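# Results of the structural survey
Chain by chain, the residues run as shown.
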Amino acid sequence: MWECDNCGKCCIAFINQIRFQDNEPIFDLFERSQSFQQNPLITLFFRIKDFFEKVIDGKKQYFVPIKSDLLQYLNEEEKKKFKISSNSETDLNGKECMFLSWKTVNNRRISFCQIHEYSPKMCKNYPSSKGGVCLNHHEKYYTIEFYEYQKNKIGFGIKVLKKIYGERVKFNIGFDIICFLMDFGKFPYDKVKDFFIKNFQTSSSDFMNAVQEFLKLSLIFNVDDELESISIKETERLVDDLMDKYGW
């Protein structure tokens, strides 16, 4: 069972992604609740939210600013209230989500969200939205659950690659390796190999041969014994280039 460690990494690493959809409960609650409107942090967000609005797929979304982004909207009293200094650009907390805060419990510094109950859906859905893997538990990448998440998420991209390269490769396990790696950055070579030997009953030599085969196709990359694969965006561009080339 996954349990949050309150490390705060997700509130920092995903700062440029954290956002509210325009139909989330916080908007309705702010309109009808006087006590909610009296919360200074929430009031501040609603005062400046339009500056961080973007339309994505035809829907309004409100990105949550980082603490240093708040400076230009605050007067001196508000800076004191929110504990934001004029040199916040260089402060340790300047690049954090505006709702992130910290406290010390049993000599351990832990994070907490000041609007946890009303936080964005994407925060509530984390880490299930990332295959059950949070930034503080990399070991959970090496599970069948994570692989199945990847297969459901980007399986269509793997099917495209199989159509393009399927007849040119001998070791089809390479497509499963790409599925495991795609869009999650670099993975230690040995850990990926151990995962596939254990869960796919492939041999060490077949794994190494598959990696070598897909390296030559520029579908997998190996830098300093860390594996990375072609991304879903690169796969889409590959399809577009083929369509242009053959006039499909």
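Structure's up top.
Here is a short report on the structure shown in this document. Bear in mind the structure is a predicted one, so any value in this text is a computation, not a measurement. Numbering of residues starts from 1 in each chain and follows the order in which that chain's sequence is written. The predicted nature of this model means local features are confined to residues of pLDDT at least 70 and side-chain atom pairs, given and counted, to a pLDDT of 80 or more, with totals for whole chains, interfaces and linings taken over all residues. Values reported for side chains reflect all heavy atoms of the structure, with hydrogen atoms and water molecules removed beforehand.

### Re a negative patch on the surface
Together, D190, D194, D224, D225 and E226 line one region of the surface with negative charge. Along the chain, the position of D190 falls in helix α9 (residues 189-200). Judged by its relative accessible area of 48%, D190 is partly exposed. A patch consists of residues whose relative accessible area exceeds 30% and which take part in no salt bridge; residues with like charges are grouped when within 9 Å of each other, and nonpolar side chains (Val, Leu, Ile, Met, Phe, Trp, Tyr) when within 5 Å. To measure how exposed things are, a 1.4 Å probe is used in the Shrake-Rupley method; for residues, cover is taken only from the protein chains shown. Whenever Lys or Arg places a side-chain nitrogen within 4 Å of a carboxyl oxygen from Asp or Glu, that contact is recorded as a salt bridge. Under the counting rule used here, the positive set is Lys and Arg, the negative set is Asp and Glu, and His together with the chain ends is not counted. Charge coordinates come from a single atom per side chain, which is NZ of Lys, CZ of Arg, CG of Asp or CD of Glu. Secondary structure elements follow DSSP: runs of H or I no shorter than four residues count as helices, runs of E no shorter than two count as strands, and numbering proceeds from the N terminus. Three labels apply to residues, based on accessible area from a 1.4 Å probe with only protein chains included: buried if under 20% of the type maximum, exposed if over 50%, partly exposed otherwise in between.

### Digging into the sheet that holds strand β1 (residues 19-21)
Here, a strand pair is defined by DSSP locating no fewer than two bridges between the strands. Strand order in the open sheet formed by three strands is β1-β3-β2, with antiparallel pairing between adjacent strands. Looking along the sheet, the strands with just one partner apiece sit at the ends: β1 and β2 (53-56). Strand-to-strand twist of the sheet, defined as the mean angle between neighbouring strand axes without regard to direction, takes the value 35 degrees. Axis definition: a line fit to C-alpha positions, over the contact stretch in the case of helices; interaxial angles, taken between N-to-C directions, run 0 to 180 degrees.

### Focus: the packing of helix α2 (residues 25-32) against helix α4 (residues 40-48)
At a minimum axis distance of 12 Å, the contact between α2 and α4 shows a crossing angle of 105 degrees. Between α2 and α4, the angle is such that the two are roughly perpendicular. Judged by residue contacts, I26, F27 and F30 of α2 engage I42, T43 and F46 from α4. Its residues assigned to classes, the contact of α2 with α4 shows five nonpolar, one polar and no charged. Orientation labels follow simple angle bins: below 35 degrees gives roughly parallel, above 145 gives roughly antiparallel, 65 to 115 gives roughly perpendicular, and whatever is left gives oblique. Contacts were defined at the residue level, with two residues in contact if any of their heavy atoms lie within 4.5 Å. Residues are sorted three ways: Asp, Glu, Lys and Arg are charged, Ala, Val, Leu, Ile, Met, Phe, Trp, Tyr, Cys and Pro are nonpolar, and all the rest, Gly among them, are polar.

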